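Residue-level structure breakdown
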Amino acid sequence: MVALTSYARSSLSDTSTHVLVAGGQDIVFAAVDALTHTLMALRPTAARRHLDFSADITADHAY
């Protein structure tokens, strides 16, 4: 499992196989954006399915 986090030492980091640490919320969003564009270029169908799933989860937890 790959984790993207702002904290190198966290329970998420401890349970992940690979950890990408991006300090600060703006950098995390930039990293997510870059990864999304890369996946859309390499595997558009699978990436779209996962993005739609992620959007559904985000909408359910928006405040």
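Right above here is the structure, for reference.
The following paragraphs examine the structure supplied in this document. Not measured: the values here are computed from a predicted model.

Scoring rules and cut-offs
- Residues numbered from 1 in each chain as written.
- Predicted model: local features only at pLDDT ≥ 70, side-chain atom pairs only at ≥ 80, totals over all residues.
- Heavy atoms only, no water.
- Helix = DSSP H or I, 4+ residues; strand = E, 2+ residues; numbered from the N terminus.
- Buried < 20%, exposed > 50% of the residue type's maximum accessible area, 1.4 Å probe, protein only.
- Contact = heavy atoms within 4.5 Å.
- Lys, Arg positive; Asp, Glu negative; His and termini not counted.
- Charge placed at Lys NZ, Arg CZ, Asp CG, Glu CD.
- Polar contact = N/O pair within 3.5 Å; in protein donor to acceptor, adjacent residues only side chain to side chain.
- Axes fitted to C-alpha atoms, helices over the stretch in contact; angles between N-to-C directions.
- Parallel < 35°, antiparallel > 145°, perpendicular 65-115°, else oblique.
- Nonpolar A, V, L, I, M, F, W, Y, C, P; charged D, E, K, R; others polar.

Moving on: the overall build of the protein. Looking only at helices and strands, one finds three helices and two strands in the protein. Starting at the N terminus and ending at the C terminus, the protein contains elements arranged as β-α-β-α-α. The C-alpha extent of the protein, read off along each of the three principal axes, is 35 × 30 × 25 Å. Here the protein holds 63 residues, and 13% of them are scored as buried. A separation of at least 24 residues holds for 7% of the contacts in the protein among residues at least 6 apart in sequence. Of note, the protein has its 4 positive side-chain charges centred 10 Å away from the centre of its 6 negative side-chain charges.

Bringing the side chain of S16 into the picture now. Along the chain, the position of S16 falls in the loop between α1 (11-15) and β2 (18-21). Note on S16: relative accessible area 12%, which makes it buried. Engagement of the side chain of S16 in a polar contact is seen with the backbone oxygen of L12, the distance being 2.7 Å.

Attention now goes to the side chain of T5. In this fold, T5 is placed in strand β1 (residues 2-5). For T5, the side chain forms a polar contact with the main-chain nitrogen of Y7, separated by 3.1 Å. Setting aside its immediate chain neighbours within four residues, T5 contacts S10, L12, S13, V19, L20, V21, A22 and V28.

Below, the discussion takes up the packing of helix α2 (residues 25-42) against helix α3 (residues 44-60). Running from N to C, α2 and α3 cross one another at 135°; their axes reach a closest spacing of 6 Å. The orientation of α2 relative to α3 falls into the category oblique. Residues T36, L39, M40, A41 and L42 of α2 touch α3, and the partners they reach there are P44, A47, R48 and L51. Each residue belonging to the contact of α2 with α3 can be placed in one class, and the counts come to seven nonpolar, one polar and one charged.

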